[in-house]
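Here's the letter readout for the chains.
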Amino acid sequence: MKFTFSWLKDFLDTSATLSLVTDTLTSIGLEVESVVDHTSDLKSFVVAEIIEAAPHPNADKLRVCKVNDGTGVRQVVCGAPNARAGIKVVLAKEGVKIPANGMVIKKSAIRNVESNGMLCSAHELGIGEDGGGIIELPLYAIPGEPIIDVLGLDDQTIDIAITPNRADCLGVYGIARDLAAAGLGTLKKLEAPKIAHGFKSAIGITSQIPACPLFIGCEIKGVKNGASPEWLQNRLKAIGLRPISVLVDITNYMTFTYGRPLHVFDAAKLSGNIHVRYAKNGEKIVALNDKEYTLSEKMIAVCDDSGVIGLGGVIGGISTGCSETTTDVFLEAALFDPAHIAATGRTLAIDSDARYRFERGIDPAFTKPGIEIAIALIVELCGGQASELVIAGSELKWQRSVELYHNKIELLGGVKLPEEEINKTLTALGFVINGNKVSVPSWRADIEGEADLVEEVLRISGYENIPSLALPEAKEKAPLAGQQRTSLIRKTLATHGITEICSWAFVPEAQAKQFGGNNAALKLLNPISADLDTMRPSLLPNLISAVARNSARGFPSLSLFEIGNVFENVTPEGQKLMAAGIRSHETTPRNHFKNERLVDVFDAKADLFALLEVCGLNPAKLHIDRNVPAWYHPTRSGRISLGGKVTLGFFGEIHPLIASSFEIKNKLVGFEAFLNNIPMPKQKTKAKSSLVVSNFQAVERDFAFIADATMAASEIIKLVENAEKQLIQSVNIFDVYVGKGVEEGKKSVAISVTLQAPDRTLTEDEIQAVVQKVVSTAAASGLTLRQ
């Protein structure tokens with residue numbers, strides 16, 4: 001929200017300095033983002049008159065100008081297309097610094113022609129975006145006069161950040177009210193203008209939709225539309241708005257002065273009466289920004305008998321816009337539903353000052369006073385006669401009260417204030433106090449409860465006055481084991497060559513359904529984007545989307561992980577902390593040592609095992625089965641659990657149908673870990689004992705067992721390990737065969753068993769005894785030794 005210091009003083013009677021005002025604004029919650037003072041940057045620029053503008057002898061697009069700077073005539077080479085004799089311009093003499101680029105003007109030769117200065121554009125001065133031509137000053141400007149006096153730039157422009165709940169401060173008057181409450185002066189009371197409503201309007205209004213509860217209009221005949229007076233133009237230019245015409249400028253002035261958007265129609269261009277309705281699908285409008293928009297239902301359409309002439313609360317139509325020939329106008333002031341305005345603006349991608357205010361909430365009680373002030377301005381500046389007001393609908397019921405007990409200021413805010421000061425602050429902000437009942441003013445739709453009133457008192461009193469108190473020390477410092485473990489997981493996955501990403505907690509509804517998200521309660525009512533409308537049920541969709549975006553740009557081989565919350569339902573228990581990772585395409589690119597290798601299920605398994613191991617679990621003792629969700633490949637995936645009951649995670653190849661839905665053609669593998677299900681160590685474990693390596697010879701024996709084709713390799717390994725826990729050091733599978741010589745529905749699994757004793761060399765009899773134990777244990781579980 002931008003405004004000038006003098007604009008503020010129109011409504012705030014104060015002797016406070018600019019510095020004190022800006023400090024106070026930030027102190028009361030209206031954070032000052034910038035203060036622009038043109039007087040220091042532009043004090044050396046002066047008015048000059050072009051006496052002669054001749055073509056440059058060595059350049060087609062340059063002109064050699066003779067200019068009068070008030071002290072004499074100098075020669076300046078200029079490339080602006082509008083440089084011509086007889087106009088008043090802005091001159092930068094030698095030694096002057098250009099604000100836009102920091103260049104210091106000096107005497108020079110441009111294409112062998114001497115130039116003594118520079119004729120400037122608005123962009124070069126930093127007061128506008130127009131850089132296509134030099135500034136043309138009013139003809140009454142005197143050569144040699146400082147341009148800050150001519151352009152009204154002897155003022156300071158303040159830009160403050162407005163939080164979404166403070167719609168009342170989207171007008172200069174609301175800001176002045178807050179500053180007056182903070183003790184920086186007296187708020188000037190608004191006087192109701194005296195208007196002679198001389199006739200009954202020929203234009204009627206109807207509105208029968210709840211999204212437009214009130215629509216007020218006034219016909220004004222005999223106006224003269226032209227350039228705005230200098231004071232009004234300067235106000236608008238200072239905040240970056242381009243003056244258009246006095247009628248349009250008045251509506252913009254009302255928007256930024258009182259936070260009350262208005263719209264003015266050329267009455268001669270209206271067909272019949274005005275009626276407000278919802279738009280029909282497919283209706284079109286060419287707006288004032290010269291763009292055509294296709295409308296849909298639930299958009300608020302302001303219409304006449306010819307069709308849509310404006311989008312209520314968003315933008316007007318060009319068909320009924322005012323021009324220099326306009327003599328009769330119809331002025332509109334209305335109330336529109338904020339939700340409809342926000343949805344329309346977001347759908348059509350229209351950002352306007354009106355939309356910005358309507359979607360945050362307009363003061364409902366200021367609709368009639370606002371149009372009366374605007375009528376008075378139009379009659380004063382444009383002439384004409386105003387009709388009686390035409391009113392459709394009624395003012396929304398905004399009256400409400402909130403209970404406030406003064407001890408709550410200290411209880412909630414930590415500051416003890418006198419009751420008199422509390423009442424004085426709230427009264428200055430527009431609240432009406434009757435005992436413990438506080439009536440909320442119409443412009444403060446954000447005040448809903450007692451805590452809001454406490455906040456109002458505290459911010460005006462000054463947050464800096466709240467004492468800083470140290471929190472009491474806890475008797476026992478709470479361990480941060482969960483955070484420490486999460487940090488350790490991050491480091492571990494990073495050492496595995498996986499890059500961490502941080503994505504939105506939202507996904508498209510279609511993707512959520514692919515990953516088990518079928519809970520309608522998780523669909524967002526007001527998403528930040530139309531395609532991010534559902535809380536994510538898994539981390540994988542966003543990870544796979546990242547792979548898809550990179551693959552489309554020529555980077556198919558990626559390893560990514562994320563740690564974050566997923567959502568099963570809307571309860572606190574339905575929010576789960578997870579870690580997930582994705583690998584795509586190749587593990588290593590082709591090189592002169594070996595061919596590339598594509599990622600596979602074992603890469604994802606290794607990542608998940610590393611995660612579980614760093615959490616203190618022994619992956620070899622965990623249960624693995626194929627009870628996996630549908631987004632994994634049915635035979636190239638697995639579930640890891642505690643005894644088959646508590647799921648710790650999934651790993652495997654992403655189902656090809658899922659990958660293709662993301663337009664990924666390369667191989668994808670991934671894992672998911674449920675961090676809340678991984679048990680924390682019950683107590684601090686002692687330091688690990690030193691590694692003991694046997695000095696005695698190890699022995700290897702190979703076995704080939706016939707097993708059911710569906711039997712997991714991990715089951716076979718565990719069977720063999722349990723046959724002799726003291727002497728069997730490791731079991732590895734080195735071959736799996738299905739084919740000729742093996743019964744259908746069976747497979748041959750070849751394993752290597754390493755035997756070693758810590759205190760002796762094994763004898764042949766001891767080795768054979770272990771071999772028999774392995775064979776008999778395997779046979780008891782349905783395995784037969786392959787002959």
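Presented here is a report on the structure given in the accompanying data block.

Turning to the overall build of the protein, a few remarks are in order. When helices and strands are counted, the protein shows 21 helices and 43 strands. For 787 residues, the compact-globule estimate of 2.2 N^0.38 gives 28 Å, and the protein exceeds it by more than 25% at 39 Å. Counting only C-alpha atoms, the protein reaches 120 × 80 × 60 Å along its principal axes. Classification of the 787 residues of the protein by burial places 47% in the buried group. Long-range contacts, defined here as pairs at least 24 residues apart, represent 69% of the contacts in the protein between residues at least 6 apart. Summing over all exposed atoms, the protein offers an accessible surface of approximately 40,500 Å²; the carbon and sulfur share of this is 52%. If you average the places of the 81 positive and of the 91 negative side-chain charges in the protein, the two averages end up 5 Å apart.

A separate point is the packing of aromatic side chains. Summed over the entire model, instances satisfying the criterion amount to 14 aromatic pairs. Seen in terms of ring centroids, F11 and Y173 are 5.6 Å apart; in terms of plane orientation they differ by 85°. Their pairing is edge-to-face. Taken together, the residues F11 in the loop between helix 1 (5–9) and strand 2 (12–13) and Y173 in helix 6 (residues 172–181) connect sequence positions 162 residues apart. For the pair F11 and Y173, a shared accessibility class is recorded, and that class is buried.

Scanning all chains against the criterion turns up 33 salt bridges. Note that R277 is salt-bridged to E283, the shortest N-O span being 2.7 Å. By the burial criterion, R277 is buried, and E283 matches it. With its nearest N and O atoms 3.7 Å apart, the salt bridge here joins K437 to E403. Highlighted residues: K437 in strand 28 (residues 437–439) and E403 in strand 26 (residues 401–403), separated in sequence by 34 residues. By relative accessible area, which is 37% here, E403 ends up partly exposed.

Here we come to unusual backbone geometry. With phi around 70°, N112 is a residue other than glycine that occupies positive phi space. On the secondary structure map, N112 appears in the loop between strand 8 (108–110) and strand 9 (113–115). Unusually for a residue other than glycine, H585 sits at a positive phi of about 65°. For H585, the position within the fold is in the loop between strand 33 (575–584) and strand 34 (586–588).

So, about the side chain of T647. Tracing the sequence through the fold places T647 in strand 38 (residues 646–654). The class for T647 is buried, based on a relative accessible area of 17%. At 2.9 Å, the side chain of T647 forms a polar contact with the side chain of R639. Among all residues touching T647, those that are not within four sequence positions of it are R639, I640, S641, F674 and N677.

Take the state of the cysteines next. Evaluation of the coordinates by the stated rule reveals 0 disulfides. Here C120 stays free of any disulfide, with the sulfur of C78 as its closest cysteine sulfur at 9.1 Å.

We now examine the sheet that holds strand 27 (residues 432–434). Backbone-to-backbone hydrogen bonds pair the strands of a sheet. The strands run either parallel or antiparallel. Spatial strand order, 26-28-27: 3 strands in an open sheet with antiparallel pairing. Either end of the sheet is taken by a strand with one partner, and the two such strands are strand 26 and strand 27. Averaged over all neighbouring strand pairs, the angle between strand axes comes to 25°, with direction disregarded. Sheet analysis places strand 26 next to strand 28, joined by 3 bridges and oriented antiparallel. Paired with E403 across the two strands is K437, which belongs to strand 28.

Judged by nonpolar contacts, the single largest core of 111 residues is most densely connected at F3, L8, L25, I160, I175 and F215. With residues up to four places along the chain from it excluded, the contact list for L25 reads F3, L30, E31, V32, I158, I160, I175 and L179.

Let us look at the packing of helix 7 (residues 230–238) against helix 8 (residues 246–258). Packed helix pairs are characterised by how far apart their axes lie and by the angle those axes make with each other. In contact at an axis separation of 10 Å, helix 7 and helix 8 are set at 55° when each is read in the N-to-C sense. By the angle class used here, helix 7 and helix 8 are oblique. Handedness of the helix 7/helix 8 crossing: left-handed. Between helix 7 and helix 8, the contacting residues are W231, L232 and L236 on the first element and D249, I250, N252 and Y253 on the second. Partitioning the contact of helix 7 with helix 8 into residue classes produces 5 nonpolar, 1 polar and 1 charged.

Take the sheet that holds strand 22 (residues 315–316) next. Pairing is mixed in the open sheet, where 5 strands are placed in the order 14-17-20-21-22. The open sheet has two edge strands, strand 14 (205–207) and strand 22, and neither has a second partner. Relative to strand 21 (residues 307–311), strand 20 (residues 300–304) runs antiparallel, the two being bridged by 4 bridges. Along strand 21, the bridge assignment pairs A301 with L311.

Below, the discussion takes up helix 17 (residues 540–552). If you check helix 17, its first and last C-alpha atoms are 18 Å apart, about what 13 residues at 1.5 Å a residue would give, namely 18 Å. Within helix 17 the residues assigned to the buried category are L540, P541, N542, L543, I544, S545, A546, V547 and A548. Directly after helix 17, the chain includes G554, whose backbone phi takes a positive value near 90°.

Here 3 bridges tie strand 14 to strand 17 (residues 274–278), and the two strands are oriented parallel to one another. Pairing of T206 across the sheet is with H275, part of strand 17. In this sheet, strand 20 lies alongside strand 17 in antiparallel orientation, the contact comprising 4 bridges. Across the sheet, the residue bridging to Y278 is I300, located in strand 20.

Right, let's talk about helix 18 (residues 601–614) for a bit. In this model helix 18 runs 20 Å from its N-terminal to its C-terminal C-alpha over 14 residues, within 8% of the 20 Å that 1.5 Å per residue would give. For helix 18, the full list of buried residues reads V601, D603, A604, D607, L608, F609, A610, L611 and L612. The residue sitting at the N-terminus of helix 18 and contributing the capping side-chain oxygen is D600; that oxygen lies 3.0 Å from the backbone nitrogen of F602.

Tracing the sequence through the fold places T17 in the loop between strand 2 and helix 2 (18–27). In sequence terms T17 and F5 are 12 residues apart; their C-alpha atoms lie 9.6 Å from each other.

Rules of the game
- Think of each chain on its own: its residues are numbered from 1, step by step along the sequence as written.
- Owing to the predicted nature of the model, reporting of local features is limited to residues with pLDDT of at least 70; listing and counting of side-chain atom pairs is limited to 80 or more, with chain, interface and lining totals taken over all residues.
- The basis for the side-chain values is all heavy atoms of the structure; hydrogens and waters are excluded.
- Runs of H or I in DSSP of at least four residues are treated as helices and runs of E of at least two as strands, each being numbered from the N terminus.
- Note on method: radius of gyration uses C-alpha positions; expected globular size equals 2.2 Å times residues raised to 0.38.
- Buried, partly exposed and exposed residues are distinguished by accessible area as a fraction of the type maximum, computed with a 1.4 Å probe on protein chains only: under 20%, between the cut-offs, and over 50%, respectively.
- By definition, residues are in contact when any of their heavy atoms lie within 4.5 Å.
- For every accessible area listed, the method is Shrake-Rupley and the probe measures 1.4 Å; residues are considered covered only by the protein chains on display.
- When charges are counted, neither His nor the chain ends are considered; positive counts come from Lys and Arg and negative counts from Asp and Glu.
- The atoms used to mark charge sites are NZ of Lys, CZ of Arg, CG of Asp and CD of Glu.
- Think of it this way: a Phe, Tyr or Trp ring, Trp meaning its six-membered ring, pairs with another when their centres are within 6.5 Å, and the plane angle makes it stacked under 30 degrees, edge-to-face over 60, tilted otherwise.
- The salt bridge criterion pairs a side-chain nitrogen of Lys or Arg with a carboxyl oxygen of Asp or Glu, the two atoms within 4 Å.
- In protein, a polar contact requires one atom able to donate a hydrogen and another able to accept it; more generally it is a pair of N or O atoms within 3.5 Å, and residues adjacent in sequence count only if both atoms are side-chain atoms.
- In this description, a disulfide is simply a cysteine sulfur pair whose atoms lie within 2.5 Å.
- Two strands pair if DSSP finds at least two bridges between them.
- Each axis is a line fitted through C-alpha atoms, and for a helix only the stretch in contact is used; angles between axes span 0 to 180 degrees, taken between their N-to-C directions.
- The criterion is simple. A nonpolar core is a set of buried Ala, Val, Leu, Ile, Met, Phe, Trp, Tyr and Cys residues joined through side-chain atoms within 4.5 Å.
- Here the word oblique covers every angle except those under 35 degrees (roughly parallel), over 145 (roughly antiparallel) and from 65 to 115 (roughly perpendicular).
- Note: crossing handedness is left-handed where the near helix turns anticlockwise from the far helix by less than a right angle, and right-handed where it turns clockwise.
- Side-chain classes are defined by residue name, with Ala, Val, Leu, Ile, Met, Phe, Trp, Tyr, Cys and Pro counting as nonpolar, Asp, Glu, Lys and Arg as charged, and the others, Gly among them, as polar.
- Helices are assigned an expected span. That span is 1.5 Å times one less than the residue count.

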